[in-house]
Amino acid sequence: QHDGAGCQEVDLPRLNLSKPYKIPAGERVLRLLSSVPAEGESPAPGAPSAKLPDGSADFYLLVTPDPENKVVAVRLQVIDASADRFRPGQMLWYNLTAHDVGGIVGKERLAVKARSRAILPAPATAAGEYPVNLSYRIAGKEALYPLCETKWSHVPTARTVLFIVNEPGVRTPRVMGFPDHPEQAEKNR
């Protein structure tokens, strides 16, 4: 990752959250590079980039495939995860599909439009299991199709980031969730 002044190597685990990284002060545009540029050399102009919002101290950087980018075949998206916007117990739903997804998540109703995101309040008031019953609507159709009916575990101290994605050759979307424990990350810095 290049922040305009220098490079910082970051570990991007597949299908998981990385460890937290500190971003130095200065330019607020991040660029993802496949190799470190030579001393004094600027990063390739077409390198994937993302501008950080002013005042944003905590964020997720979503890296998704982008075969159109010839420098590094990925796209970067910044998701604001500031403590005042995304609090422990809450769920951040990020729908990367063309399908609307909705249903019941614990004590909350969920409705996430295609290619959008939503923050859901804590699905339960205490630690423990809660029911989840989700459906999806294929773009342009009225019928609802079942997505999942199960129980999930609530951890009141964790924020949960959930992605709704499509897998090649599969019509039904997939939901992947990742707990984020900000208090543990702060201790490890």
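**Q** Provide a residue-level description of the packing of aromatic side chains, including the pertinent values.
**A** To describe a pair of aromatic rings, you give the distance between the ring centres and the angle between the ring planes. A complete count under the given rule lists six aromatic pairs for this structure. A network of ring pairs unites the aromatic residues Trp93, Tyr130 and Trp152 as a single cluster.

**Q** Please provide a residue-by-residue account of the nonpolar core, values included.
**A** Ranked by size, the top nonpolar core spans 16 residues in total, and within it Met91, Trp93, Val105, Leu110, Leu120, Tyr130 and Leu134 carry the most contacts. Those elements that place two or more of their residues in this core are strand E5 (91–95), strand E6 (100–105), strand E7 (108–112), strand E9 (128–137) and strand E11 (159–165). The leading source of residues in this core is E9, at four residues. In contact with leucine 110, other than residues within four places in its own chain, are Trp93, Val101, Gly102, Gly103, Val105, Leu120 and Leu134. Counting residues in each nonpolar core, the second largest holds twelve residues, with Tyr60, Leu62, Tyr94 and Val161 among its members.

**Q** Describe the pattern of salt bridges, naming the residues involved and giving the relevant values.
**A** Using the criterion set out here, one finds six salt bridges in the structure. Aspartate 58 serves as the salt-bridge partner of arginine 159, at 3.3 Å between the closest nitrogen and oxygen. Taken together, the residues arginine 159 in strand E11 and aspartate 58 in the loop between strand E2 (49–51) and strand E3 (59–65) connect sequence positions 101 residues apart. Of the charged contacts in the structure, one is a salt bridge between glutamate 108 and lysine 107, with a shortest N-O distance of 3.1 Å. Residues joined in a network through salt bridges with shared partners are Asp58, Arg159 and Asp180.

**Q** Lay out the environment of tyrosine 136 in plain terms, naming residues and giving numbers.
**A** Positionally, tyrosine 136 belongs in strand E9. As a C-alpha pair, tyrosine 136 and leucine 147 span eleven residues in sequence and 6.3 Å in three-dimensional space. Once residues lying within four places of it in the same chain are set aside, the contact partners of tyrosine 136 are His99, Asp100, Val101, Ala143, Leu144, Tyr145, Pro146, Leu147, Arg171, Thr172 and Pro173. Of note is the side chain of tyrosine 136, whose polar atom sits 3.4 Å from the side chain of threonine 172.

**Q** How would you sum up the sheet that holds E6? Please name residues and give values.
**A** Within the open sheet, the four strands sit side by side as E7-E6-E9-E10. Their pairing is antiparallel. One side of each edge strand has no neighbouring strand; the edge strands of this open sheet are E7 and strand E10 (144–154). With strand direction ignored, the average angle separating the axes of adjacent strands in the sheet is 15°. Note: E6 against E7, five bridges, orientation antiparallel. Looking at E7, one finds that isoleucine 104 is bridged to arginine 109.

**Q** Lay out the side chain of asparagine 69 in plain terms, naming residues and giving numbers.
**A** By secondary structure assignment, the location of asparagine 69 is in the loop between E3 and strand E4 (74–80). Asparagine 69 sits in the buried class, given a relative accessible area of 13%. Once residues lying within four places of it in the same chain are set aside, the contact partners of asparagine 69 are Gly46, Ala47, Pro48 and Val74.

**Q** Before we move on, can you summarise the sheet that holds E5 with the specific residues and values?
**A** Within a sheet, adjacent strands bond to each other through the backbone by hydrogen bonds, running parallel or antiparallel. Spatially, the four strands line up as an open sheet ordered E8-E5-E11-E12, and their pairing is mixed. Only two strands of the sheet have a single partner each, and these edge strands are strand E8 (117–120) and strand E12 (174–180). Pairs of neighbouring strands in the sheet enclose a mean axial angle of 20°, with direction left out of account. As judged from the five bridges shared by E5 and E11, these two strands associate in the parallel manner. Counterpart to tryptophan 93 in the pairing with E11 is leucine 162.

**Q** Describe unusual backbone geometry, with residues and values.
**A** Residues other than glycine seldom take positive phi values, yet arginine 115 does so here, at roughly 50°. Note that arginine 115 resides in the loop between E7 and E8.

What counts, and at which threshold
- Residues numbered from 1 in each chain as written.
- Predicted model: local features only at pLDDT ≥ 70, side-chain atom pairs only at ≥ 80, totals over all residues.
- Heavy atoms only, no water.
- Phe/Tyr/Trp six-rings, centres within 6.5 Å; stacked < 30°, edge-to-face > 60°.
- Core = buried A, V, L, I, M, F, W, Y, C linked by side-chain atoms within 4.5 Å.
- Buried < 20%, exposed > 50% of the residue type's maximum accessible area, 1.4 Å probe, protein only.
- Helix = DSSP H or I, 4+ residues; strand = E, 2+ residues; numbered from the N terminus.
- Contact = heavy atoms within 4.5 Å.
- Salt bridge = Lys/Arg side-chain N within 4 Å of Asp/Glu carboxyl O.
- Polar contact = N/O pair within 3.5 Å; in protein donor to acceptor, adjacent residues only side chain to side chain.
- Pairing = 2+ DSSP bridges.
- Axes fitted to C-alpha atoms, helices over the stretch in contact; angles between N-to-C directions.

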